Amino acid sequence: MKSTGLGILIVDVDGIGSRVGETRKLRGLTQDGLALLIPCSKSLISQVERGAKPATPWFVAAVARALRIDVTGLTGQPYRGTTERTDRAHAGIPEIRLAMNHWVVPPDLEATPRPLDVLRTDIRFIGRLLDSVDYIALGRRLPGLIEELAAVLHDSDGRRRREAARLLTHAFVAAKSVAYRLGYIDLVSVAVERAEQAAQVTQDPELLAFIAEERCQVFFASAAYHSGLKFLRAAHRVHDDTLHESEPGLAVAGSMHLRAAIMAARLGAAGRSEAWAHIGQAQEYATRIGRDTDHYGLIFGPANVHIHEVATAIELEDADEALRRDEGFDPPPGLAPERSSHHYIDVARARLLTGDRGRALKALIKADRLSPQHTRHHPMARETVAGLLRAHSRAPESLRSLAQRLGVKPR
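So, here is what we can say about the structure in this document. (Residues numbered from 1 in each chain as written. Predicted model: local features only at pLDDT ≥ 70, side-chain atom pairs only at ≥ 80, totals over all residues. Heavy atoms only, no water.)

Section: the overall build of the protein
1) Next: Within the protein one finds 22 helices and zero strands.
2) Next: The C-alpha atoms of the protein give 21 Å as radius of gyration, which agrees with the globular expectation for 411 residues (22 Å, within 12%).
3) Next: Expressed along its principal axes, the backbone C-alpha trace of the protein runs to roughly 65 × 45 × 40 Å.
4) Next: For the protein, long-range pairs separated by at least 24 residues make up 70% of all intrachain contacts whose partners lie at least 6 apart in sequence.
5) Next: In the structure as shown, the protein presents an accessible area of about 17,900 Å², 49% of it carried by carbon and sulfur atoms.
6) Next: The average position of the 55 basic charges and that of the 50 acidic charges among the side chains of the protein differ by 6 Å. (Helix = DSSP H or I, 4+ residues; strand = E, 2+ residues; numbered from the N terminus. Rg over C-alpha atoms; globule rule 2.2 N^0.38 Å. Contact = heavy atoms within 4.5 Å. Areas by Shrake-Rupley, 256 points an atom, 1.4 Å probe, with all protein chains shown as cover. Lys, Arg positive; Asp, Glu negative; His and termini not counted. Charge placed at Lys NZ, Arg CZ, Asp CG, Glu CD.)

Points about the pattern of salt bridges
1) Next: Following the criterion strictly, the structure yields 27 salt bridges and no others.
2) Next: A salt bridge links glutamate 315 to arginine 266, with the nearest nitrogen and oxygen atoms 3.2 Å apart. Of this pair, glutamate 315 sits in helix H16 (residues 302–315) while arginine 266 sits in the loop between helix H14 (247–265) and helix H15 (272–289), and the two are 49 residues apart along the sequence. In terms of burial, glutamate 315 and arginine 266 fall into one category: buried.
3) Next: Of the charged contacts, one joins glutamate 309 and arginine 325 as a salt bridge, the two residues approaching to 2.6 Å between their closest N and O atoms. (Salt bridge = Lys/Arg side-chain N within 4 Å of Asp/Glu carboxyl O. Buried < 20%, exposed > 50% of the residue type's maximum accessible area, 1.4 Å probe, protein only.)

Here it is as structure tokens:
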């Protein structure tokens, strides 16, 4: 399949291209000047700024570094709603921020914390909310759960303290995931640091390896892909012996390779061979496990590796390869909605790049049905919807409806 070059007008009035142009001018740079800093062609910058070409994660990261701005300054995250109803996903963030302080200072609770068995059940429920991407419910439940676990930790010693720390590790990881997906980059770093501190209390080498895998999102959040790959190589040297002793360990190791594949792909052509090498290693681990698993809240197995194959190809801007690898594949029904939704967003990006607007829209509608909150807050879902709007002289009702749900406005 050959890319047609049709239907790739990605930015709307508040899109990435517009923000690139505004920030570039604020820094007193011409398009030629920015191209020298990245480096890339002036033509690429011009095309992205006027909406003639999509702003890929690699491009956004490079521009952010050159213009000395956070990535979220270009993506526009967090995507706040304009009414109480549309902004509810963000309502829990202030309370999550406050709850983070209770690692250092115990909370003043009005009631005695519930037993650890009950709190453990709550942690499992938090995991299900993450898989289904219910930011509203997470924002309501997570801060109080962190406070309760922190109170137990501060008031315990020995085995009970270690178990409270284990549960608190997972609570902090959940807070990290919410912050990352909603675009609160500063909170991602704080949550990861707290998770690592709690994991150290448990003295569990496998849990510490899991936290190393989760630290990758700090590098994703700051677009520090070179540093992230360097960190992962070091993490493998430290944790490899531990990770090959059990199925959960293999899932952590495989997930590290999937993280590395996307980081390498976002380096562009320079990272192509490394990206596919990491996919190959993850495939080997998935084959050894032989099924899709959910250890430590990680979704790892043959299906998620396949999803990352498609994601790696599209991050490398190879839409034809992404669609080739997607051919005949559908995420299994039991897979976490977040994973399936993410896959259809990537497929939509590939379809749009090859000019297949109809199937791009169908893929986005699937993503939205599977996980509406995830789709609404995903930068590439929003950019692809904006691209579809720009590609139609008269957008179909289904596209207009999707754009309204995501809060994307046509130019």
